[in-house]
Structure formats: structure tokens, C-alpha cells
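Observations on the model geometry
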Amino acid sequence: MATLYVSPHSDDFRSQLVLIAAQFSAPKPALGKGVPSGQGLPCLVLSDGLVLSGALAVAWYLCPERLTGMELKEASLIRQWLSFAENEVTPVACGAAFPLLGVLNTNNQTADRARSELRKVLGFLDAHLKLRTFLVGERVTLADVAVASTLLLPFKYVLEPGLRKSLMNVTRWFETCVNQPQFRQVLGKVALCEKAVPVQPKPSSAPAAPTSSGHVQPSAAAPPKTEAQLKKEAKKKEKLEKFQQKKDMEQKKQQQQAQTEKKNKPEKKEKKDLGVITYDIPTPPGEKKDVKCPMPDSYSPQYVEAAWYPWWEKQSFFKPEYGRKDLSQPNPKGVFMMCIPPPNVTGSLHLGHALTNSIQDSLTRWHRMRGETTLWNPGCDHAGIATQVVVEKKLWKEQGKNRHDLGRDAFIAEVWKWKNEKGDRIYHQLRKLGSSLDWERACFTMDPKLSYAVQEAFVRMHEEGVIYRSKRLVNWSCTLNSAISDIEVDKKELTGRTLLPVPGYKEKVEFGVLVSFAYKIEGSDEEVVVATTRIETMLGDTAVAVHPEDPRYQHLKGKTVHHPFCDRKMPIVFDDFVDMSFGTGAVKITPAHDHNDYEVGLRHDLGFINILDDNGLLINVPPPFLGMKRFDARKSVLQALKDRGLFKETKDNPMVVPVCSRSKDVVEPLMKPQWYVDCSEMGRQAAQAVRSGELKIIPETHLKTWFNWMDNIRDWCISRQLWWGHRIPAYFVTVNDPSVPAGEDTDGKYWVSGRTEEEAREKAASLFGVSADKISLRQDEDVLDTWFSSGIFPFSIFGWPNETQDLQVFYPGTLLETGHDILFFWVARMVMMGLKLTGKLPFKEVYLHAVVRDAHGRKMSKSLGNVIDPLDVVTGITLEGLHAQLVESNLDPLEVERAKQGQKSDYPSGIPECGTDALRFALCAYTSQGRDINLDVNRILGYRYFCNKLWNATKFAIRGLGDDFKPKERAQLSGQESLVDRWILSRLCHAVELCDSGFKSYDFPAVTTAIYNFWLYELCDVYLECLKPVFAGSDTVAMAVSRETLYTCLDVGLRLLSPIMPFVSEELFQRLPRRSAQAPLSICVTPYPEATEFCWRSEEADGQMEFVMTIVRTIRSLRADYNLTKTKADCYLQCLDQNTATMVQLYCPQIQTLSSSGAVVALTTQPVPEGCAVAIASDKCTVNLVLKGLIDAEKEIAKLSTKRGELQKQIEKLQERMGKSDYREKVPQKVQEGDAEKLKQSQTELQKVHEAIENFKKML
């Protein structure tokens, strides 16, 4: 095992870095004491004696591949960030923090410069993290570990709250990192700096002091100090105290002066980043919004999103009939049909729904804009259990009654009343999200049309024998008095003994323990020891099982054991399912209360004794246990076993407790006569449809799950003991004829199904060969599982079993889009029932999106306080508002407090108003074809700023186009386009290609990235800047061509954006002039740009402009290095050959504009003026920026000389290390490569420093 040696000093960030990295390591290294001979800290001694030193080398070695990069590109990016941490962050972090820690003595000027350099580095980080959660990818990597560790000292001692507020993104990222479990294990809770003041050195078990390079070296035990030394220290301390007093007085004086000035000067209003502007022009619902009024100064979601949706609805844009005379006539462009995964009528949308709807609406709008006959059908699920629970709670709260007090019919009337009052809330939310659903086709699963289809499906399947009645184990909720489906069972994992709250019990109940007890062998003194986590179920035991090959029990064949609490003799059975190595190798068998035991009971023809009634009270057991509550009996049985001397031991045992998601009750396996669907043949067909390629599941990573479920499918229990839902159309038959024996509930022969009671009666009379008047019928009280009606949703919404026009046109559908978590519960059942009842697949493709988690990767949970209503992200909400929602929920008070803390940590200032478009764009940008999405609200806010950029760009463009501009009837090249015009049109065509292929392959991040890059980095950052001198000039031809190009970019760019950002794209599109009077009314029915139309890609223009931008970026970099923020310096571009010079000359105006330079001159053999800063743009061009007269050369030389000294030391140290005789043999190859790269970088940097010093000397 490797041994890790670190400094014990609490502020040695390098040691903390490797300790955090070690938390990710498997196995973790041992921690050594002291320091290995001749080694610096931290270091890692490998099992073969090799020593790794240097924090980054040790961390890289310890971290698993997922932290250092799974792919080449990712690993390369991480290495770049490690270099950044070492070479950029460490010097400035130490320079700013060490003076406060008393490690370095510096003057105020040096300290201020260090803090300024730190802010510069953090500013770069803040910009990088604006739209990102982590530095590389969507998870923590070694890049985050290294940079965050390096910033520990600044965040703890330097960065005061005001400064952190200006660095919002980097602060949010840092807090996310240090709150990861691996960080907390090492650092504990990191207290952020409140005030940057000198601090006392922290003690450690072995005193240590940081060096200027950031290392913390342990010191040897210091000898006792002399009297003279003590006097000197006391004098120094006194001097420091006087200095501090003087400093405090000066600060106080400055504050008083500032307060006086504040009183004299009028107070400036604080500028708000996020202004709220509302649309106040009276517009009746359904009328078109006024777009002739001036555009507000900035983008505001409230303004932009007002009035558009009612107008879209009134114009029938979302109906498939729009623009078509007759739906039955084939559309050459095709049909796109998708039905919404029907949300629960009780629910309100959460971010998971918002993700589903953002993806589905983007796809729907894209297909609609492509000219296809498009239908996205809305609907809502009656949600049997959830709705019944909500209404029962309401009844109890308002009237003190339960459903039994009202009776079935009156209770159902109450549910309908509640549904009509509250059930449309979710539709309102969907409208707010811009969902382009055909609301006239909206369906509710309890509507007469859908109820009729449910009844028809049941009767047909029952007549075929696919639906049958049987008594089997089900998931039973004693609180709900109903069977529940697997999806309604939460699996609570316990590591050992745990007390859990259970409804109906005052005290918490013990779980996670294994109780061992003995059964006596009948007719001998021998005993068999068995163990169980549910000791109360031993009252229903009917056997003990052992493995057929277990030598310990071969002599017990044919023997029985005696039940201690009754006269029951229980056989010892031999069964392969027993694990010989677990416990004693003997297992108690309770067939009526355990799924595995049920199978054993069937194989060995054992007795099935049900010991629980529907309410969880004990039945069929001897006194004193009879009538006890199940968990009270748990204690009593244990005590009774102890009293009889049969108890052996209790020990902790990891286990999974099944908990009802609705009632929070512990679920019991219970024997109940229920209706089942035989899924064997349907499952085989569903699997075959995917294997043959007839049905496509995207992404293919889910195929394994699909085949595993379908190939091992069990029959489906569809009975629910509820009142709200589709009552099962099955009738128990009693024949009033002595020749026909009375039947039992469990006997399927005595049950008939019918669309009406009359039909059922005729069936029964025919079945038993008697007249109809001798038949008495009792309809089953139960209702069907909600998933049964959801399973036929894709065709029941179109009127099946009737042959309607909608059924002919829209069934089968095109696509089913939903979360991968309901692949089996809903998707599989739709496929099976579609094939069974219609002979067709309900859709051709299934796209499964990822599950939304919070920024920390945690599952959305009310108790964590991280379940967010998407409308709160759209409109914004205060922290107090979030807290109020928790108080109004049905959470336990303790959970409310925990959730409040979670909200306070994640949203200390609440959630800012982001708007619908930003939310949709962020969700689509996150949707890589993986399993989880870690959603950070700050990233959504970043896309609101993107909307503002779109707003300002369009506003500038409209001003540039002018009031009289009329675009040509179609977009085409005139042949007079400038180089930059041709370039932006080429980039536009590239964006069109990427969006087209992205939508076709469900690669939503590719679409959002293409749109974002085009608008932000190409149109706004480059082309619009290049247009400013054109519009300000006098060349009317160039102006006219540029206006046509600009219009094409805006028109096409907004159409590309429309499916994802419908509101802002409509608002801006409506403010642009049209190419013709026959143009579509709305952007949402305007053709989506296609690569066949926009085919002006020019690799030549792209290559030339990329070369130009390389020069521009180099000039900008030099300007930033020398802080030339407002000064325009002349620039000389030294070109390798005449061809390069000619091309540079052509682009000089653009280079001058984009780099904010003075004159830009291309040179080949001519000499460059003296006093220039030099940087290489490429192998063909060197940038020379004239600095003479613009900066203080002496000051710059002094700064560079210090830098030169540091680099020389660094190079010497590396060369010395690499020159050791055993370096090649002992140091891992990866570390050697890192050292070589570091040496090369340092040498290159030193060369640049030499050149810069010589340059500055020429200016003196």
C-alpha cells in the first residue's frame, strides 16, 4: 500500500489538495508520520519504494480516471487547468494571502498589486464559470480540486463579502466544490473571509511555515530562546501594535470623511443588472401585441412574454389543421404526432416536467416549421391514489369526514368538484412555458371518450384470457388500504439499525436488525437457528428451508420443526434458492408474506397463512398476538421468544425498507385476489419490435434495460382498492339454481366482464346455461391501475375503438419523448397494449431524456428543499417565498427546517427572474444523452443575459437597417459582398447545418451551442462591430450589401432560435420588415432554415477570418497585459511573406476595429519601430504593439526582472531534479512528461521575459 506524507499545517493548501485527491482514490493511501529523508511535502511513497513528490503529481497519481479525464480532449483540458493552478493561481493567491498570514513582509504597494493580480485571475475564472457548473464538463474533476485548493487561502483570508459578490460565479463554484463530501472530509466547513486583516499563525502538531512557493515545510523543534531574543520580540510586538492602532485611527478618519461627503452629495441610485420592464399597452386576449412601439432599453422577460401565447392560440397556429384544407389529404412533407406524457391532475410542474416540455415543444415547433402536419396532443392523468389522498385530506380538514362517511358516489362527486376547481393548474403552467399544444384536443383519462376505451380494452383482453383473476402477493399499503404499483414504492436503504416513523405509531419503529432464533426439531433436542428482519412474520411460518447440498442438514430430511406458539408442525424442505454461506444456512419460510417464500411455497405445496388484515392488524394467530398492530407484535414476539429461551441474538443488518411514496407507510407483501394481465406474449412482441428495428429507442444505452425487463417480464397486477378511477367492468356471478355450485371470489370461472351490466348478465347466462333471470351480479369494487389507462393513451385520445379521422391520420404516432425512469412503467405498457389492441406500434421512436438533479448532483427531493417550480425560475422568487412554500407543504416540521437550510445554501438571495426562454434554452443545452442533469440556476441566469445580447443586437441592427429598408424577396448573394460579409454568411450556413443535424439526431446541446456561438461570438462580437464603421461611412454600395447580409443573419438566426426560445424570437421577428406581403403571420409557422437553401459555406472565408481573429486576439492580449484599456496603440504586423501581408492589408480595417487599435500596418521586410511589445500570432505573423510613450518602462523592467528571477529559480530546480541519476528509473513516466512540459513552458516564458526587458530598455 502507498503511504502519503503531508504537512500538518492547517493552511498548507498543497497538502490539502493531495488529501482531497486521496478521498477519491480506491484504495486510499495510508497516512505516514514525519518526513521521508530528503523529500519535500507532500509526497507519496509507493509500495515498491518509489517516491512521488509535488502536489499535482501526487494528486494525478491518486485520482481515478474519471477525475483526470476519460477522453483525450477532457484529459488535455484538465492538464491545462492544472498548469493554470500552478503557474497563474498559486503565485497570486500566495502573494495576496501570505502578508496577512505573517509569512511575507511586504509594503502596501506590493500587497495592493498582489491583490490586483488576484482579482485579474479570478475575473478570468468568473467569466469562464458564467455558464458552467464545473471547470471541465458537468462533474468535479482534478481541475476543480486543484484550482479550488489553490484558492483556499484567498477565500479564507483575503476575499471580503463585497469582493465575493462581484465574483458571483467563481464564489458559487468554490462553495459547490468545498461542499462536496470529499472536500468536507478533509477541510470540514470552510469559513469564508469576513474582513481581510492579519491573522495569528495557527498551531499544528508539528509547527510548519509556508514558503514563498506555497509549500509548507515542517520545522524541527526550536531551541529555547535567549533573553535578548525575547526582548527583541517584545519590542517588535509593541511596534506592531502601535502601527495597527495608527492604521485603525486612519481608517476611522477616512470613514468619517466618507460619511460627511455622502451627506453633501446626492445619493446615486444603485444600478440594477436585472431590470423589470412590463408591457402596459392594453391588448385584449387573443389580439396581436403592439410591436410598433419603441423597443425598451433592455430585455425583460415580463415584457417580451406578454400577450403572445393567447394570440398564437387564437390564430390556431398549434392545430394540425392550420394551413391545410383537409387533414385526410396526404401532406408530402409528412406527419408529426406526439402525445404528452399526461401529468397528474393533482400535481404542479417541477423542473423534470419543464425539461420534458422544453424538449417536446422544441421538437414540435421544429417539425411544424418544416411544414409537416404537426400535432402535440395534451392530456392529464386522473392519478388514482394521489387524487384520492388529496381529496380525502381536504374532506377531513374541512368537514371532519372520510370517504366512507360520504359513500362512494358522493365521494366521487367531491373528487370531480375538486378536479374542476383545481385540475387546470398544470395546463396554466404549460401555457406559461410556451408549450405549443393543440388545447382543443386536450384529454383527461376519466373523460367519457377515454373511459369507454378503457372499458373496451379490459373486456377484449378478458375475453381473450389475457386478463385473469388470481390470488397472489401484492404491494399493500395499510394506510391507503390498497395495492400499489412498484413505481409507487420507494426503496429506503439502511446500513444498520435505524428507527423510522410509521403512520399510526406514536413511537418510531426499529428496522435494519437481524434477529436470530431457534425452532426445535420435532421428537429430539436438536434445534435449527434461523434469522429474519421481520420477526413478527414468524407467526405465519409454514416451513424451514435448507440447501439440498448442505452437509449440515442432510440428516434432517423428512423431519419437521415445532412452532413455539401453536401446534403447527412445519416441514424442513430442501430448495436451491437457499444461500448456504449466509447465516446458518437455514431460512424460515412465510409464503403469504414474502415474495421469495411465495415461490418456495408453490414449489413445495406449503400452507399459505395470512397473518395481516387490510389495516395491518394480526389475524389467524394465537393469543396474545391476535388483533395486535403489526409493529407492536414485533416487540411482543421478540419478548415471547426470549421467555421461551429460543432467542439467540440481534445484530445490525443492511436492508432495504419498501415505503409507500404516497402515505409513507411501510409496504407489506399481502395475499389478495386481484386482476392480472398476462404479459408473456406481449412482452415478447415488444422486445422483438426493438430487436427488429421497427421500434427505435434513443439513446441505445437503454436497450439493455428494455430487453432485461421484456425478457423477464412478470404478469401485471391491475387491481387497485380505490374509489377514484376506472371501476373494473368485471362482475362476480351468483347463479340462483341448485344445479350450479356456488363459486369463490378467487375462481376466475365465476367472473364475467361486460361493457354494460346487461351484457355481463347475458354472458353469464350463456356461460352457465341458465336463463338471465337466474343470474345475480356483483361488480368488482376495485378500480384499474392508473397505468392501464395511460397504456392505451396514444390511441384512446383519438376515439379508439371507433375508426375516427384523427385515429386514421395520427395513429401510430411519430415519437414518444419522456424520462428514462418510466421506461418500463409507461413506455413498455403502451407498446404492449398498442400491439395487442391495435396490431400497431403506438410510435416509431422513443427518445429518453436524462433525470434532472440539483447543482450538487442530488435527486430532487422536497425534504432537501431543492424541488423547484419552473415558474419560480421564470418569474423569480425570494428566499422567503421559497421558505413559505415549504411551510405550506405536507413536510414534517424537522424536514421543513432541513429543507430551509438547503434553500438558504443554494439560493441565499432567492431565485432571480430568468424568463421562460432562458429556462428552456438552459434545459435543452443540458440535455446530453446521459442519465443525469445537474441543473444550476446560475447557468439559467446566464442565458437570460444571452437574451439581452439578442435584444441589443437586434435593436442595433434595426437602427442600422433604417426605417425605409425593404429586404429582397429571397436571400441570395449579390457578388458585391465584402470578405466579412461572406464570412458571416458562411458561419450562418454552418449554424443551419448544425441545427438541422442536431434536431434530427436529438442532440439538443449541439443545436443550442450552434445558435449561441453564431449569435454571440460571430454575429455580435465580430460582424456587428465590423459594421459600425461601414454604417458610419459614405460607401452606399457597401452599406446596402451589408444591410442585406445583416437582415439575412437576423431573419435566419431568429428562425433557428424559434423552436427553443419562442417568445423572444417572436418579439424580435415581428419588429423586422418582411421579404413579401405573403410572408407567414408568425415566426412559429415560418419555414425553418434548411441547408439546401443556405448553402454559402466558404472554407476560404472561414480560414481567412480565423487568421484575422488570431491576430485580433493576440493584440487584445497584449493590450490587456499592458493595461491599455482606453488607449489606442498603433500596431505593426510583421508578415512572413507577401501573400500574408496582402491578406492582412485587406483585413486591416476589421483588425483595427476589433482590436481597438490605432493605425494597423502590415510589414514584410521593413524594420519595426522601436519600443514595441511583441507577440507571435501565428507562424506567419508577429504582432508589434507600440508602447513607447504609453507606459512607464522603468516600472515594467523592475516587474519583469523579478519575474525573471523567479523563472530562473524554477528552471534550475526542475533541471536539478531531472538531472538526478535515478530520475528516469524512479519517477513515473506521466510525472516525467509533466516535468518536461513544465520546463519547456518556463524556458519559453523566460525567453519572452528577456525579450520584453530588452524592448523596454530601448524605450528608456
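This is a predicted model, so every value here is computed, not measured.

1. Examining the overall build of the protein chain
Broken down by element type, the protein chain carries 43 helices and 39 strands. Taken along the three principal axes of its C-alpha coordinates, the protein chain extends 125 × 95 × 65 Å. Of all 1260 residues assigned to the protein chain, the portion counted as buried reaches 52%. Within the structure as shown, the protein chain displays about 59,500 Å² of accessible surface, and the carbon and sulfur contribution to it stands at 51%. Side chains of the protein chain give 161 positive and 158 negative charges; the mean places of these two sets differ by 6 Å.

2. A short note on the packing of helix α36 (residues 1036-1057) against helix α37 (residues 1062-1069)
How two helices pack is summed up by the angle between their axes together with the distance between the axes. At their nearest, the axes of α36 and α37 sit 9 Å apart, and the two run at 155° to each other. What the angle tells us is that α36 and α37 run roughly antiparallel. Read as a crossing pair, α36 and α37 show a hand that is left-handed. In this structure, α36 uses D1051, L1054 and L1057 to contact α37, whose residues at the interface are V1064, S1065, L1068 and F1069. Here the residues of the contact of α36 with α37 sort into five nonpolar, one polar and one charged.

3. Some thoughts on unusual backbone geometry
With an omega dihedral of -5°, the bond running from A26 to P27 counts as a cis peptide bond. Its location among the elements puts P27 in the loop between α1 (13-24) and β2 (30-31). Following W800, the chain continues to P801 via a peptide bond in cis, the omega torsion being 15°. The residue P801 is located in the loop between α26 (793-796) and α27 (805-810) in this model. A positive phi angle is found at A383, which is not glycine, with a value near 50°. Residue placement: A383 occurs in the loop between β9 (379-380) and α15 (384-399). Relative accessible area serves as the criterion here: at 5%, A383 is assigned to the buried category. We note that D605 has phi near 55°; this positive angle belongs to a residue other than glycine. Positionally, D605 belongs in the loop between α20 (595-603) and α21 (630-643). Residue D605 is classed as exposed on the basis of its relative accessible area of 71%.

4. Some thoughts on the environment of M538
Residue placement: M538 occurs in the loop between β17 (527-532) and β18 (543-546). When the C-alpha atoms of M538 and V1030 are compared, they prove to be 89 Å apart, with 492 residues separating the residues in sequence. Among residues more than four places away in sequence, those in contact with M538 are F517, Y519, H563, P564, F565, K588, V637 and L641.

5. Overview of helix α9 (residues 168-178)
Within α9, nine of the 11 residues are buried, which leaves the element mostly enclosed by the surrounding structure. When we look at burial in α9, the residues that qualify are N169, V170, T171, R172, W173, F174, T176, C177 and V178.

6. Examining helix α30 (residues 879-888)
All of the buried residues along α30 are L879, L882, H883 and L886. Burial along α30 is one-sided: seen end-on, the buried residues are contained in an arc of 100°. Opposite the packed face of α30, turned more than 90 degrees from it, sit the exposed residues E880, V887 and E888. Considering only its buried residues, α30 is in contact with α29 (870-875) and α31 (893-906).

7. Observations concerning the sheet that holds strand β32 (residues 815-819)
Reading across from one edge, β25-β33-β32 is the order of the three strands in this open sheet, with parallel pairing throughout. In the strand order of this sheet, the two ends are held by β25 (696-698) and β32, each with one partner. Sheet twist, expressed as the mean angle between neighbouring strand axes with direction ignored, is 20°. Relative to strand β33 (residues 845-849), β25 runs parallel, the two being bridged by three bridges. The residue bridging I698 from the neighbouring strand is Y847, located in β33. Against the sheet, helix α28 (residues 823-838) touches β32 and β33, its axis set at about 165° to β32.

8. Side note on the sheet that holds strand β4 (residues 51-53)
Across the sheet, four strands lie side by side as β2-β1-β3-β4; this open sheet has mixed pairing. The open sheet is flanked by β2 and β4, the only strands paired with a single partner. Taken together, the three bridges between strand β1 (residues 3-5) and strand β3 (residues 43-45) define a ladder with antiparallel strand orientation. What sits directly across from T3, in β3, is V45.

9. Describing the packing of aromatic side chains
Here the structure, examined in full by the defined rule, presents 48 aromatic pairs. Look at F999 and F1004: their rings are 6.3 Å apart centre to centre, the planes differ by 85°, and that puts the pair in the edge-to-face class. You can call F999 buried: its relative accessible area is 1%. Geometry around Y279 places K289 over its ring, the cationic atom sitting 4.9 Å from the centre. Over the ring of Y926 we find R939; its NZ or CZ atom is 4.3 Å from the centre of that ring.

10. Section: the pairing of strand β24 (residues 668-677)
Of all 10 residues making up β24, nine are buried, and the element is well covered by its neighbours. As judged from the 10 bridges shared by strand β11 (residues 467-477) and β24, these two strands associate in the antiparallel manner. Along β24, the bridge assignment pairs N475 with P669. The pairing of β24 with strand β26 (residues 716-717) spans two bridges and is antiparallel. Bridged to Y676 within β26 is C717.

11. Here's the deal with the pairing of strand β38 (residues 1172-1178)
Within a regular strand, the side chains alternate between the two sheet faces. Here β38 lies mainly inside the structure; five of its seven residues are buried. Relative to strand β39 (residues 1181-1186), β38 runs antiparallel, the two being bridged by six bridges. Bridge assignment links I1176 to a residue of β39, and that residue is T1182. The antiparallel pairing of β38 with β39 creates a hairpin that spans two residues between the two strands.

12. Considerations on the state of the cysteines
Tallying each qualifying case throughout the model produces zero disulfides. C947 takes part in no disulfide bond, and the closest cysteine sulfur, belonging to C914, lies 9.8 Å away. With no disulfide partner, C989 has as its closest neighbouring cysteine sulfur the one in C1095, 6.7 Å distant. Looking at C989, the relative accessible area reads 0%, which means it is buried.

13. Here we look at the side chain of D11
Its place among the elements puts D11 in the loop between β1 and α1. For D11, a relative accessible area of 4% puts it in the buried group. At 3.0 Å, the side chain of D11 forms a polar contact with the side chain of K156. Side-chain polar atoms of D11 contact the side chain of Y157, separated by 2.7 Å.

14. Thoughts on the pattern of salt bridges
As enumerated under the stated definition, the model contains 61 salt bridges in all. Taking the shortest distance from any N to any O, the salt bridge between K314 and E287 comes out at 2.9 Å. Placement of the pair is K314 in helix α13 (residues 308-314) and E287 in the loop between α11 (227-264) and α12 (301-304), with a sequence separation of 27 residues. A salt bridge links E681 to R684; the nearest nitrogen and oxygen atoms lie 2.6 Å apart. Separated by three residues within a single helix, E681 and R684 lie in helix α22 (residues 680-691), roughly one turn from each other. Given the relative accessible area of 41%, E681 is considered partly exposed.

15. What to know about the side chain of H547
Looking at where H547 falls in the secondary structure, it is placed in the loop between β18 and β19 (560-562). With sequence-adjacent residues up to four places away left out, H547 is seen in contact with Q554, F574, D575, D576, V578, M580 and G585.

16. Observations concerning the packing of α30 against α31
Axis separation between α30 and α31 bottoms out at 10 Å; the angle between their running directions is 160°. As far as their axial angle goes, α31 and α30 are roughly antiparallel. By crossing handedness, the relation of α30 to α31 is classed as right-handed. Residues L879, L882, H883, L886 and V887 of α30 pack against V896, A899, K900, Q903 and K904 of α31. Tallied by class, residues from the contact of α30 with α31 come to six nonpolar, two polar and two charged.

Rules used in this analysis
Residue numbers restart at each chain and count upward from 1, following the sequence in its written direction. It should be noted that, the model being predicted, local features are given only for residues of pLDDT at least 70 and side-chain atom pairs only at 80 or more, the latter also being counted only at that level, while totals for whole chains, interfaces and linings use all residues. Side-chain figures throughout are based on the complete set of non-hydrogen atoms in the structure, without hydrogens or water. Numbering of helices and strands starts at the N terminus; helices are DSSP runs of H or I of at least 4 residues and strands are runs of E of at least 2. Each residue is assigned to one of three classes by its accessible area relative to the maximum for its type, calculated with a 1.4 Å probe on protein chains only: buried under 20%, partly exposed between the two thresholds, exposed over 50%. Accessible surface area values rest on a Shrake-Rupley calculation with a 1.4 Å probe, where residue burial reflects the displayed protein chains alone. Charge counting treats Lys and Arg as positive and Asp and Glu as negative, with His and both chain ends excluded. Each charge is placed at NZ for Lys, CZ for Arg, CG for Asp and CD for Glu. Axes, fitted as lines to C-alpha atoms, cover a helix only where it is in contact. Angles between the N-to-C directions of the axes lie from 0 to 180 degrees. Note that the term roughly parallel is reserved for angles under 35 degrees, roughly antiparallel for angles over 145, roughly perpendicular for angles of 65 to 115, and oblique for everything else. Handedness of each helix crossing follows the sense of rotation of the near helix against the far helix: counterclockwise by less than a right angle gives left-handed, clockwise gives right-handed. Working rule for contacts: check all heavy atoms of both residues, and any pair within 4.5 Å makes them a contact. When residue character is reported, Ala, Val, Leu, Ile, Met, Phe, Trp, Tyr, Cys and Pro are called nonpolar, Asp, Glu, Lys and Arg charged, and the others, Gly included, polar. When we speak of the arc, we mean the arc of directions from the helix axis to the C-beta atoms. Note on pairing: DSSP must find at least two bridges between two strands before they are called paired. Centre distance within 6.5 Å is the pairing criterion for rings of Phe, Tyr and Trp, where only the six-membered ring of Trp is used; planes under 30 degrees apart are then read as stacked, over 60 as edge-to-face, and the remainder as tilted. Lysine and arginine charges are scored as sitting over a ring when NZ or CZ, respectively, is within 6 Å of the ring centre and within 35 degrees of the ring normal. Disulfides are defined as cysteine sulfur pairs within 2.5 Å. Counting of polar contacts relies on pairs of N or O atoms within 3.5 Å, with two restrictions inside protein: one atom must be capable of donating a hydrogen and the other of accepting it, and residues adjacent in sequence are counted only when both atoms are side-chain atoms. Just to be clear on terms, a salt bridge is a Lys or Arg side-chain nitrogen sitting within 4 Å of an Asp or Glu carboxyl oxygen.

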